[in-house]
Amino acid sequence: MATATTCTALSVASTAGGACLFSHLPRTLAKTNMSATSIVSSKWIYSSKTGLNPLQREKLQVRAARTESQGVSLGFRAPSFELPEPLTGKTWKLEDFEPYPALLVMFICNHCPFVKHLKKDIVKLTNFYMKKGLAVAAISSNSVATHPQDGPELMAEDAKILNYPFPYLFDELQEVAQDFGAVCTPEFFLFKKDGRRPFELVYHGQYDDSRPSNNVPITGRDLSLAIDCVLSGQPVSQVQKPSVGCSIKWHPGAK
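- By the naming in an unreviewed UniProt entry, the protein goes by Thioredoxin domain-containing protein and is assigned to Salix viminalis.

### Here's the deal with the state of the cysteines
And step 1. A full pass over the atoms with the stated rule returns 1 disulfide.
And step 2. Cys109 forms no disulfide, and the closest cysteine sulfur to it belongs to Cys112, at a distance of 5.0 Å.
And step 3. Given a relative accessible area of 0%, Cys109 falls into the buried group.

### Quick look at helix α3 (residues 152-162)
Each full turn of the α-helix corresponds to 3.6 residues, which orients residues three or four apart in the same direction.
And step 1. Turning to α3, its buried residues are Met155, Ala156, Asp158 and Ala159. All buried residues of α3 project into a common sector of 160° when viewed along the axis, lining one side. Away from the buried face of α3 by more than 90 degrees, exposed residues Glu153, Lys160 and Ile161 are located.
And step 2. Positioned one or two residues after α3, Asn163 has a phi angle of 55°, which is positive.

### So, the environment of Glu153
And step 1. In this fold, Glu153 is placed in helix α3.
And step 2. The spatial distance from the C-alpha of Glu153 to the C-alpha of Pro86 is 6.7 Å, given a sequence separation of 67 residues.

### Here we look at the pairing of strand β10 (residues 187-192)
And step 1. Of all 6 residues that make up β10, 5 are buried, and the element is covered over most of its length.
And step 2. The sheet contact formed by strand β6 (residues 102-107) and β10 spans 6 bridges and is antiparallel. Bridging from a neighbouring strand, Phe107 pairs with Glu187 of β10.
And step 3. Both β10 and strand β11 (residues 200-203) contribute to a ladder of 3 bridges, which runs antiparallel. Paired with Leu190 across the two strands is Tyr203, which belongs to β11.

### Examining the pattern of salt bridges
And step 1. The tally for this structure, following the rule as stated, stands at 5 salt bridges.
And step 2. Between Asp158 and Lys119 there is a salt bridge, with its nearest N and O atoms 2.6 Å apart. Separated by 39 residues along the polypeptide, Asp158 in helix α3 and Lys119 in helix α2 (residues 113-130) bring together distant segments of the chain. The same class applies to Asp158 and to Lys119, which are both buried.
And step 3. In this structure, the salt-bridge partner of Lys241 is Asp209, at a minimum N-O distance of 3.1 Å. Placement of Lys241 in the loop between α5 (221-231) and β12 (246-247) and of Asp209 in the loop between β11 and α5 is noted, with a sequence separation of 32 residues between them.
And step 4. Look at Lys241 and you get partly exposed, because its relative accessible area is 43%.

### Quick notes on the nonpolar core
And step 1. Core analysis: the biggest nonpolar cluster contains 35 residues, and Leu104, Met106, Leu134, Leu190 and Leu223 have the highest contact counts within it.
And step 2. Contributing elements (two or more residues each) for this core: β6, α2, β7 (134-140), α3, β8 (168-170), β10, β11 and α5.
And step 3. Here the element with the most residues in this core is α2; it accounts for 7 residues.
And step 4. Residues contacting Leu104, with those up to four places away along its chain left out, are Leu134, Ala135, Val136, Ala137, Phe188, Phe189, Leu190 and Leu223.
And step 5. Membership of the second largest hydrophobic core comes to 25 residues, among which are Phe81, Val105, Ile139 and Leu169.

### Here's the deal with empty space enclosed by the protein
And step 1. Scanning the entire structure with this criterion turns up 1 cavity of 30 Å³ or more.
And step 2. Estimates place the volume of the largest cavity at around 70 Å³.
And step 3. As for the largest cavity, its lining consists of 13 residues, and the residues nearest its centre are Leu118, Pro186, Ser210, Arg211 and Val244.
And step 4. Ranked by residue count, the leading element in the lining of the largest cavity is α2, at 3 residues.
And step 5. When the residues that make up the lining of the largest cavity are grouped by side-chain class, the tally is 7 nonpolar, 4 polar and 2 charged.

### Quick look at the sheet that holds β8
And step 1. Pairing is mixed in the open sheet, where 5 strands are placed in the order β8-β7-β6-β10-β11. At either end of the open sheet lies a strand with only one pairing partner, and these are β8 and β11. In this sheet, neighbouring strand axes are inclined to one another by 30° on average, regardless of whether the strands run parallel or antiparallel.
And step 2. Across the face of the sheet, α2 comes into contact with β6, β7 and β10 while running at roughly 145° to β7.

Reading the values: rules and limits
- Residues numbered from 1 in each chain as written.
- Predicted model: local features only at pLDDT ≥ 70, side-chain atom pairs only at ≥ 80, totals over all residues.
- Heavy atoms only, no water.
- Disulfide = S-S within 2.5 Å.
- Buried < 20%, exposed > 50% of the residue type's maximum accessible area, 1.4 Å probe, protein only.
- Helix = DSSP H or I, 4+ residues; strand = E, 2+ residues; numbered from the N terminus.
- Arc of directions from axis to C-beta.
- Pairing = 2+ DSSP bridges.
- Salt bridge = Lys/Arg side-chain N within 4 Å of Asp/Glu carboxyl O.
- Core = buried A, V, L, I, M, F, W, Y, C linked by side-chain atoms within 4.5 Å.
- Contact = heavy atoms within 4.5 Å.
- 1 Å grid on protein atoms, 1.4 Å probe; cavity = no way out; pocket = protein on both sides within 12 Å on 5 of 7 lines; lining within 4 Å.
- Points joined across faces, edges and corners; volume = space filled by probe spheres on them.
- Nonpolar A, V, L, I, M, F, W, Y, C, P; charged D, E, K, R; others polar.
- Axes fitted to C-alpha atoms, helices over the stretch in contact; angles between N-to-C directions.

Printed below as a string of structure tokens:
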């Protein structure tokens, strides 16, 4: 049995464009056992129309928590879902992906710098593997009450600008994120399907070693290797590095 995947909930702003607000950090700290590290960030504000914009480059110290996701083990069956795609208005269900041998579910959002860091490469990777038979769905579960920049209208805009080849779905009630056990963005769940058996989780790890500030090239190596194994019928290694990113922004009082 694989150990639970760890995600770093970095609820901080990024000077590289884009940010994670830290309004939910205390709740996350109270909920889990974590080690904290100091991170230098910039001060930002947001508007409902334009999203996050730099107002002041005023440096401050915040505490960023490292969160371990709980209860998600390899072999976990993909939960059923029914979610709207803001770009097209279509509603997608887990059953829509049943004909495919593998399904990649990604929890992402518009504003998180860790997601922004990978977005263009995610488009390349998914375009490549979707032609080989991989099904892909992205889900945003962040609270619009606290993060309007992650709302459906701006999700549709993001999907159109980046030409996402996969549906980008809105989990308004956050029930799907909870069913999957997702805690951060980005977070990757790769499922395989054998015949009529339900989708089973085979990979719940990182995209690669690259982060917004570590100067490591983006390769998608870890996720690509797992997808290659699934599509070729080979076992996926259970040695998987955790995905790292911003915490999912739960509705006030929800957690």
